[in-house]
Amino acid sequence: MTLDSISRRRLLILGAAAGAAGILSGCRRGQSDPTTASGSTPTGSIETESGNLKVFEWAGYELPELYPDYPYDAPKFTFMTSDEQALAKVASGFRPDIVHPSVGYVRDWVDLDLIQPWDPSLLKNFSDLNPSMIEAGQIDGQQYMIPLDWGFSSILYRADKVDPGATESFSLFFDERYAGRISWWDNPWMMVIAGYVRGFSNPWDMTDEELAMVKGDLIDAKKVVRNLWQSQTDMETDFAADDIWITYAWPASWWAMNNEGLDVTYMDPAEGRLSWVEGLILVKDTENYQHAHAFANAWASPQSGEWLISNYAYGHANTSISLDAIPPELVKLLSLDDPSVLDEPRSHIQQWFPRRVLYGQIWSEIKAA
Amino acid sequence: MSDIAISRPGLWGLRALFAATAIFLYAPILILVLFSFNRGTTAVFPIQGLTTDWYRQLFTNHDLIESLRTSALVAVLSSVTAVLLGVLMSLSLVRRRFLGKSVVTGVALAPLVMPYVVLGISLLILFNAAGIPLSIFTVTIAHVVVTLPFTVLILVPRLSRVDRSLEEAAQDLGAPPARTFLAVTLPLILPAVVSSFLIAFVVSFDEYVVASFLVGDRATYPIYLFSQLRFPNRLPQVLAVATVMLVVSFVIVLLAEVSQRFGEQRLLGR
Amino acid sequence: MVRPARSTIHQGSLRRGLATLALVLPPLGWLILFFLAPIVLVGMYSVGGLTLYRNDVYLTLDAWSRFLDGSVYLALFWKSVRMALTVSVLAVLLAYPVAYYLALCTKGRKYVLLLFIITPFLTSYLLRLLAWRVILGSHGVVNSFLLWSGMRRAPVEWLLHSPFAVILVLTYVWVPFVCLPIFVTLDTMDRSLLEAAGDLGASRWRTFWRVTFRMSTPGVLAAFAFVFIPTIGEFVTPLLVGGPKGFMFGNAIADLFGPGFDWQTGSVLGVFLLLVVGVVIGIFARSMRLSEVTSR
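Residues numbered from 1 in each chain as written. Chains lettered and ligands numbered in written order. Predicted model: local features only at pLDDT ≥ 70, side-chain atom pairs only at ≥ 80, totals over all residues. Heavy atoms only, no water.

Novice: Quick question: what am I supposed to make of the overall build of chain C here?
Specialist: Looking only at helices and strands, one finds 13 helices and 0 strands in chain C. Element order for chain C, N to C, with α for helix and β for strand: α-α-α-α-α-α-α-α-α-α-α-α-α. A globule of 296 residues ought to have a C-alpha radius of gyration of about 19 Å, yet chain C, at 25 Å, is considerably larger. Reported as C-alpha extents along the three principal axes, the dimensions of chain C are approximately 95 × 70 × 35 Å. Taking all 296 residues of chain C together, 57% fall into the buried category. Intrachain contacts of chain C at a sequence separation of at least 6 include 70% that bridge at least 24 residues. Of the roughly 13000 Å² that chain C leaves accessible, carbon and sulfur atoms contribute 68%. (Helix = DSSP H or I, 4+ residues; strand = E, 2+ residues; numbered from the N terminus. Rg over C-alpha atoms; globule rule 2.2 N^0.38 Å. Buried < 20%, exposed > 50% of the residue type's maximum accessible area, 1.4 Å probe, protein only. Contact = heavy atoms within 4.5 Å. Areas by Shrake-Rupley, 256 points an atom, 1.4 Å probe, with all protein chains shown as cover.)

Novice: Would you mind showing me how to read the packing of aromatic side chains here?
Specialist: To describe a pair of aromatic rings, one takes the distance between the centres and the angle between the planes. As enumerated under the stated definition, the model contains 60 aromatic pairs over all chains in all. Arranged with centres 6.3 Å apart and planes meeting at 25°, the rings of Phe173 of chain A and Tyr248 of chain A form a pair that is stacked. Within this pair, whereas Phe173 of chain A is found in the loop between strand S7 (145–158) and strand S8 (182–185), its partner Tyr248 of chain A is found in strand S10 (residues 246–249), the two being separated by 75 residues in sequence. Grouping residues by exposure puts Phe173 of chain A and Tyr248 of chain A together as buried. Consider the rings of Trp189 of chain A and Trp204 of chain A, whose centres lie 5.2 Å apart with planes at 85°: the pair is edge-to-face. One end of the pair, Trp189 of chain A, is in helix H5 (residues 189–198); the other, Trp204 of chain A, is in the loop between H5 and helix H6 (208–221), with 15 residues separating them in the sequence. You can call Trp189 of chain A buried: its relative accessible area is 3%. You can call Trp204 of chain A buried: its relative accessible area is 0%. One Lys or Arg, Arg181 of chain A, reaches over the ring of Trp245 of chain A and ends 4.7 Å from the middle of that ring. A cation over a ring is seen here: Arg15 of chain B above Trp12 of chain B, with NZ or CZ 4.4 Å from the ring centre. (Phe/Tyr/Trp six-rings, centres within 6.5 Å; stacked < 30°, edge-to-face > 60°. Lys NZ or Arg CZ within 6 Å of the ring centre and 35° of its normal.)

Novice: Any chance you could explain empty space enclosed by the protein here in plain terms?
Specialist: Once rolled over the atoms, a probe with the size of a water molecule shows which space is left empty. One pass over the full model with this rule turns up 8 cavities of 30 Å³ or more. Glu84, Pro188 and Gly360 of chain A together with Pro259 and Gly260 of chain C are, among the 18 residues lining the largest cavity, the residues nearest its centre. By residue number, the principal contributor to the lining of the largest cavity is helix H12 (residues 356–368) of chain A, which donates 6 residues. (1 Å grid on protein atoms, 1.4 Å probe; cavity = no way out; pocket = protein on both sides within 12 Å on 5 of 7 lines; lining within 4 Å. Points joined across faces, edges and corners; volume = space filled by probe spheres on them.)

Novice: Could you clarify how one ought to interpret the interface of chain B and chain C in this entry?
Specialist: Interfaces are often sized by the accessible area lost when the parts come together. Between chain B and chain C, the contact holds 80 residues from the first and 80 residues from the second. Together, the buried faces of chain B and chain C total about 7500 Å²; carbon and sulfur atoms form 82% of this surface. The interface formed by chain B and chain C holds 4 residue pairs in polar contact (both at pLDDT 80 or more) in total. If one sorts the elements of the side of chain B that touches chain C by residue count, helix H2 (residues 8–36) of chain B sits on top with 15 residues. Tallied by class, the residues present in the side of chain B that touches chain C amount to 65 nonpolar, 9 polar and 6 charged. (Buried area = accessible area lost by both parts, 1.4 Å probe. Polar contact = N/O pair within 3.5 Å; in protein donor to acceptor, adjacent residues only side chain to side chain. Nonpolar A, V, L, I, M, F, W, Y, C, P; charged D, E, K, R; others polar.)

Novice: Is there a simple way to explain the side chain of Thr243 of chain B in this structure?
Specialist: Residue and element names in this part refer to chain B. By secondary structure assignment, the location of Thr243 is in helix H12 (residues 235–268). Classification of Thr243 by relative accessible area gives buried; the value is 7%. With sequence-adjacent residues up to four places away left out, Thr243 is seen in contact with Leu32, Val33, Ser36 and Tyr55.

Novice: Would you explain the environment of Tyr73 of chain C in this entry?
Specialist: Considering the arrangement of structural elements, one finds Tyr73 of chain C in helix H3 (residues 72–105). Tyr73 of chain C sits 206 residues away from Val279 of chain C along the chain, and the two C-alpha atoms are 19 Å apart. Residues contacting Tyr73 of chain C, with those up to four places away along its chain left out, are Gln361, Ser364, Glu365 and Ala368 of chain A together with Phe67, Phe249, Ala252, Leu256, Thr265 and Leu269 of chain C.

Novice: Looking at this structure, how should I read unusual backbone geometry?
Specialist: Glycine aside, a negative phi is what most residues show, and trans is what most peptide bonds show. Phi is positive for Asp285 of chain A, which is not a glycine, with a value near 60°. Within the fold, Asp285 of chain A resides in the loop between strand S12 (273–283) and helix H9 (289–299). The phi dihedral of Phe261 of chain C is positive, around 55°, even though this residue is not glycine. Its place among the elements puts Phe261 of chain C in the loop between helix H11 (249–257) and helix H12 (263–287). On the basis of relative accessibility, which here comes to 11%, the residue Phe261 of chain C falls in the buried class.

Structural data, given as structure tokens:
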């Protein structure tokens, strides 16, 4: 009988443990996270906040020159490698205060209930920002993203080693003559590029048949690829070491390789470059509401823009920036004085992926094949 | 015996194979150490002169020191917990009778054969479902699961060799079970306890896979190391810290081994 | 009186039972909560019983059928199995002579030499990976040596970021560990059998095959299993030295829970891997005698 009572007790306790696991799994995920005290309502004064701001940023954007005159302790930076990766990580439970994604994904962040709107009245520099970019960062009238930087995505290639042919084209990514010297970005945007190569009308929202064709193209072409880069520092390292001659890149890499003395060209392909706008979003339930706004304001300043343009060859959303300090060839090459260059038909400004999940799945399969 | 197992020329062949394998095993480690003293920033031949600069730079690398501190904290917390739980588990397996012992043993050892990727994602799912944000505590919890089997594997054999008559004598003298454990059993298995703590510590400190899924904004040392592999000009520093950590873990493992042997002598020569 | 005696006995057993519970429960509870329950959750994710989007709970076997019906992931799984097999065979081949030498041909310094062989395994895995990156890179030790000595005019590209690198590095990592079970089996083997075989006129080679090798089979199988099982799900080595061609099943799982952001498919792959591991363990546990291998 004692044995019975032991077994019964043990069963009871095991059952309770299993039940606890069941309760845990049935728990709603932490939007109303019980571990954070402050809600998303703006707290009174900045002194009540802890001040250790956590920013989820692209590598290279952690430099203090980009948030000049931010009066508080320097934030702690963790690095994101792509919008998909950032979205996945924060959805999985990583909790920064601020993230720096591109505008085409804001709707996904809102749909996953991960972010809260900014209060533009707290940002002194807000009124100087480009109006169409501001509008792009709004969902249902709420300002979810403070637009800050913009630029292109295209091919960077060694002009002294690579002959792109009569017309420059994105198909250089698949060129067998340079097998082993090509690097792609580890991101579904490669599918968009393949879609433009195929001539599809809207590669940001392809049909099943179009997706199947693009998937096939990329899987076939994978053999010419040396590696898929996740962080642009990896890619720049390989490029500078002469291992890679053709790569997916943003203007900052072109400018950096140029300054290293390499003979590089930032392609303007027949299909048209891709373009993007990025900015800051505010994570829900952040403890540092006021600090976050101060940080965003610092980024939105004209000084930040001048540094960004001169050093990274990206555009900045602040329209009051004087371009006199910036090398004119840079301004001309990237039309830095004219943000309308981002739009059709001169470039393909990124759009929200209605089938983002499917694109992600297909990209994962392309990698696994 | 040697004549039966192997012939003369065969013996020399085996010796050569042994030496070759030993060289194969240690060469990369030695190359690592060698290039940590290299003056140049790339690991290429020929060596460009020797320097200890990279080692000196380690002391001013805040991110590195921070990551070492984080890893040490996680390792200590998880190892202590794992040893405590391991002692409890071992006591129950060796000194107690109950149904389903083999199942419990299986569960206790199962993390050893579980692919760490799956362990990582399963805990990510758990913490996500429970709304627990990722932090060093989530990593610590995972590391207890990872290291518990090691402690059990070390403690159970030791415990089973402790003479029960000692414990029974203490109990006959009126000592309650807890006292018996603390006064009699524990001192006898102490070397194994120490050894299992050291092994758990080393395993947790170096663990990358599970940590990579569960870490918050404080990087552990392996994660920091991983992130530095992208920067070629930081390679020599990485090599320097790698050498230091290799030596340290080497020493710790030797200590654990010595501690176990010492424990064995004590048990036998009691 | 009879009553008190019985209740005292019950009390005693009860106390013992409670004591047992107090011992078993904390560790077992920890494992149930943080090891077993999460696995159940993974299973639930794989059939849509749990999702990241709270409103989207929708039980379905779609993800499973997509996976099993000739998907790229299934092909990737087989590729990983092939690579794991190669690594396991190579590791055992390299480790056997070492274990043989230590067990049967050395006296005295046996355990010291064994420790010497095993210690690399107990030191940092990531650092040993790093060492190989340094050695195999196109600007690494091997290539710079080849160029400097004039043996090649251009770096050998396939040394790194290739399946070759993955297999080489994984074999390197596992050889020390694999020595141990083989050594134990050989070391505890009854030597008189060897002498008897010799007395009966068998040559050394014959003795080896018919006696020694046969008796060491449990150890060899255990060693093989110890390498094969974790290597199928290996993820870090391919990530660092594999390149796109060295991509393995574990990488796919990590990607789907990382930037790939598809927890359901990732869970399917994870559960599948666990099932495979379970089956392999079942096969091996039957064909090897564990007790011979774990005693030291």
